[in-house]
Structure formats: C-alpha cells, structure tokens
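Examination of the molecular architecture
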Amino acid sequence: IADRAALADECRRLAEAIRRVASPGEWVLTGTGSLGATIGTPGGYPASLDGPALVLVLTWLDAGVGTRGAWTDEATRERDPALARMVDGVPELGPLRESLAAALEPDGRVRDSASHALKRLRGELTSGEKHLARQLERWAAGFGEGAYVTRHGDRFVALVPAAGFPRRRAVVHDVSGSGQSLFVEPLEACEANNRLLEVRAAAQEEERRILHELARAVVNAGEALRVLEET
C-alpha cells in the first residue's frame, strides 16, 4: 500500500510537471554542474572546494531562491499543489548564500571586501608595488633609454645594459638571453621588495583562511545542500 501511495504521489507530480512545462514562465531552476559531486560525501572535506567550486555551490543556492520565488503566487500553488509542496521543502540557506556571495567574485576569486585584513593587505600591496615601480623607474633612467622596470619572480628589478654596469650598486638576479643586459635589484630597493613579499604572503594566507572557512560552512550544510539538489 505504501508503494502504491508513493507511486500515486509520483504520478501526480509528473502530471503537474508536464502541465507546468507547457505553461509560460520559469518554475524550477538548477545550478551549474553537480552539487553532490562538488561537496563530496557526508563527513568528508573535499579538497576541490576552492573558489570556483564554492561559486558552483552558490549557483545552486541562487537556483533555490529563484525556484521558491517562482511559486509565491497562490493561483500557481493551487493549480499544482503537489509541486508546490516539493518547493516548500527546498532548504532555506540564506546565511550561507550571503556569505558566499559577499566573499567571492563570479570567477571564484576572493573579494577585497571578504575581510578587513584582506582589504588592508591588498591595499598595502598595491600602493607598495606602485611606489617601488616608480622608484625603480627613476633609478633605471640613469642607464639609458633601453633600461626599464620588470619583475624577476616576485621581485621588482630593472633591466640595464651589462656593459659598464657597476655590480656593487645592485644584486644581479639574471642575465638576458643575449648576455647584453642584466636583471638587477638596486640595494636601496631590497627592503621594499622584502616587505612586498611579506605582504603578498600574508594576503595569500588570508585568502586561504577565508576559503577554508567558507568550505567548512558548505560541508556543514552538506545534508541540506543534497536535499536542495535532489528536489
């Protein structure tokens, strides 16, 4: 009897869905990709929950909001009550959705505004890079028009002619393919470069902390998210 009742419910929902598909307007939305595969099995902590994976989760949360919004009209609910009851079972995950949307760019990068610390560190990094680049441009100008500022790894350096360059004035990081130029870091720029390395590392660590916190919140909401996708 239980199986017959379940079958009758399924048939009722199917009949309503067929009728609803033929009607204008959206009535059910889905996210991008597989939510279950992204968040992993219960009790697990999938390493794949990086920025883009968390944005995928957000698309499903947005789909839940959109689906619930499509069923607020009483006439619609009365016409298709079985489907309306299913929609009522879509989990409310507003705080998680707000956290993800506030912290992540559409491509999965962490927003500056994700934390006060990250905003401060990125601001310091941007201003520090601009200041050091200008300082090196003025310094490199003394070695002719062919000299210019570039990067060697994570450090700002200047490309200068090798011939006649006084090696005691800078740290030589590399030699150009032709051997005619040197990638050098003026001694007076070493402290600023070191500071930029520290700030950049601190910003990256803060990004990792934010992503870890968001990933943990997603894992904790795993059961509700699986219900969301299944519905």
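The structure under discussion appears in the preceding block.
Residues numbered from 1 in each chain as written. Predicted model: local features only at pLDDT ≥ 70, side-chain atom pairs only at ≥ 80, totals over all residues. Heavy atoms only, no water.

Quick word on the overall build of the protein chain
Counting its regular elements, the protein chain contains nine helices and four strands. Its C-alpha radius of gyration of 28 Å places the protein chain more than 25% over the 17 Å reference for a compact globule of 231 residues. Expressed as a percentage of its 231 residues, the buried residues of the protein chain come to 37%. For the protein chain, the share of sequence-separated contacts (at least 6 apart) that also reach a separation of at least 24 residues comes to 59%. Accessible surface, the protein chain as shown: approximately 13300 Å² in total, 54% of it carbon and sulfur. (Helix = DSSP H or I, 4+ residues; strand = E, 2+ residues; numbered from the N terminus. Rg over C-alpha atoms; globule rule 2.2 N^0.38 Å. Buried < 20%, exposed > 50% of the residue type's maximum accessible area, 1.4 Å probe, protein only. Contact = heavy atoms within 4.5 Å. Areas by Shrake-Rupley, 256 points an atom, 1.4 Å probe, with all protein chains shown as cover.)

Considering the side chain of serine 181
As for its position among the elements, serine 181 is in strand β4 (residues 181-186). Every residue in contact with serine 181, bar those within four places of it in the chain, is listed here: Leu159, Val160, Pro161, Ala162, Val175 and Ser176.

Description of helix α7 (residues 116-140)
Taking 1.5 Å of rise per residue, 25 residues should cover 36 Å, and α7 covers 36 Å from first to last C-alpha, within 8% of that figure. Inspection of α7 places Leu118, Leu121, Arg122, Leu125, Glu129, Leu132, Ala133, Leu136, Trp139 and Ala140 among the buried residues, and these make up the whole buried set. Contacts made by the buried residues of α7 are with β1 (148-152), β2 (155-161), β3 (170-175), β4 and α8 (190-220). (Expected span 1.5 Å × (residues − 1).)

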